[in-house]
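Descriptive structure summary
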Amino acid sequence: MTTPECYACGKEATLDELPPRECVAHDQHWRVAHSFNTALPGWLVLLPRRHVAAVHDLTDAEAAALGMWQVRLSRALRSVTGCAKTYVVQFAEAEGFAHVHFHIVPRMADLRPEHRGPRVFELLRRPEQEHVPADRADQLARSIRAQLQGPRRRADR
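Reading the values: rules and limits
- Residues numbered from 1 in each chain as written.
- Predicted model: local features only at pLDDT ≥ 70, side-chain atom pairs only at ≥ 80, totals over all residues.
- Heavy atoms only, no water.
- Phe/Tyr/Trp six-rings, centres within 6.5 Å; stacked < 30°, edge-to-face > 60°.
- Helix = DSSP H or I, 4+ residues; strand = E, 2+ residues; numbered from the N terminus.
- Buried < 20%, exposed > 50% of the residue type's maximum accessible area, 1.4 Å probe, protein only.
- Lys NZ or Arg CZ within 6 Å of the ring centre and 35° of its normal.
- Core = buried A, V, L, I, M, F, W, Y, C linked by side-chain atoms within 4.5 Å.
- Contact = heavy atoms within 4.5 Å.
- Salt bridge = Lys/Arg side-chain N within 4 Å of Asp/Glu carboxyl O.
- Pairing = 2+ DSSP bridges.
- Axes fitted to C-alpha atoms, helices over the stretch in contact; angles between N-to-C directions.

What follows covers the packing of aromatic side chains. Inspection of the entire model under this criterion finds three aromatic pairs. A ring pair is formed by Trp30 and Phe102, whose centres lie 6.1 Å apart and whose planes are at 65°; its orientation type is edge-to-face. On the criterion of sequence distance, the pair formed by Trp30 in strand β2 (residues 30–34) and Phe102 in strand β5 (residues 102–107) is long-range, its members being 72 residues apart. For the residue pair Trp30 and Phe102, the accessibility class agrees, reading buried in each case. Ring plane angle 85° and centroid distance 5.4 Å describe the contact between Trp43 and Phe121, whose orientation is recorded as edge-to-face. With a gap of 78 residues between them, Trp43 in the loop between β2 and β3 (44–48) and Phe121 in the loop between β5 and α3 (134–149) connect regions that are remote in the sequence. Taken together, the ring pairs connect Trp43, Phe91 and Phe121 into an aromatic cluster. Seen from the ring of Trp69, Arg72 lies directly overhead, with NZ or CZ sitting 5.5 Å from the centre.

Structure below.
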């Protein structure tokens, strides 16, 4: 079930029409988007495809897929951006964004100390002219999608 007043749910109705940045990849449970208001290229958002307001409300199937998505996206970001690691964060408290979503944030080796850890969210508060342009986000989305569609790593490695 989706909720019409929810920003994330509103995208579900037009999934096939979304630009690459708004649907990097998806499966039956999750959709991946590039954050639209970030100054950090590659900042991804992992969203359940139905309206979920709290992590404890995820189904077992959604929960099982969640871990795989987080690891696969982290690997794809490392390959595409060269990041040193990724931050995985979930709050879902902002006005209009109470839909559970996980931020998968590439932490570049040269990220300034004042933006490390939870302070990385300052990069969501930058002026609009510093946001990643739509065409760059689309390019990153296509590269990440290609990495996700590449050969899967074996589970025993």
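For the rest of this paragraph, the subject is the nonpolar core. Across soluble globular proteins, nonpolar side chains show a tendency to be buried alongside one another. Trp30, Leu44, Leu46, Trp69 and Leu73 are the most contacted members of the largest nonpolar core, which has 21 residues in total. Residue assignment for this core shows that the elements contributing at least two residues are β2, β3, α2 (60–81), β5 and α3. With six residues, the top contributor of residues to this core is α2. When residues no more than four places from it in sequence are discounted, the contact partners of Trp30 are Ala25, Leu46, Leu47, Pro48, Arg49, Leu58, Glu62, Ala65, Leu66, Trp69 and Phe102. If you look at the next biggest cluster of nonpolar residues, it comprises 16 residues, including Leu40, Leu111, Leu123 and Leu124.

With the rule as written, the count across this model stands at five salt bridges. Here Asp138 makes a salt bridge to Arg21, at a shortest N to O gap of 2.7 Å. You can see Asp138 sitting in helix α3 and its partner Arg21 sitting in the loop between α1 (7–12) and β1 (25–26), a full 117 residues away along the chain. Arg125 is the partner of Glu122 in a salt bridge, and the nearest nitrogen-oxygen pair spans 3.2 Å. On the basis of relative accessibility, which here comes to 56%, the residue Arg125 falls in the exposed class.

We now examine the environment of Phe102. Given the relative accessible area of 7%, Phe102 is considered buried. It is 11 Å that separates the C-alpha atoms of Phe102 and Leu73, two residues lying 29 residues apart in sequence. Apart from the residues within four sequence positions on either side, Phe102 is in contact with Trp30, Leu44, Val45, Leu46, Val55, Leu66, Gln70, Val88, Val89 and Gln90.

Counting buried positions along β2 yields five of five residues, so the element is predominantly enclosed. A two-sided burial pattern is seen for β2, the buried positions comprising Trp30, Val32 and His34 on one face and Arg31 and Ala33 on the other. Where β2 and β3 come together, five bridges link them in antiparallel fashion. Within β3, the residue paired with Trp30 across the bridge is Pro48.

Strand order in the open sheet formed by five strands is β1-β2-β3-β5-β4, with antiparallel pairing between adjacent strands. Only two strands of the sheet have a single partner each, and these edge strands are β1 and β4 (85–89). Pairing analysis gives two bridges linking β1 to β2, with the strands arranged antiparallel. When the sheet's bridge partners are listed, His26 is paired in β2 with Arg31. Where α2 meets the sheet, its contacts fall on β1, β2, β3, β4 and β5, and the angle it forms with β5 comes to roughly 25°.

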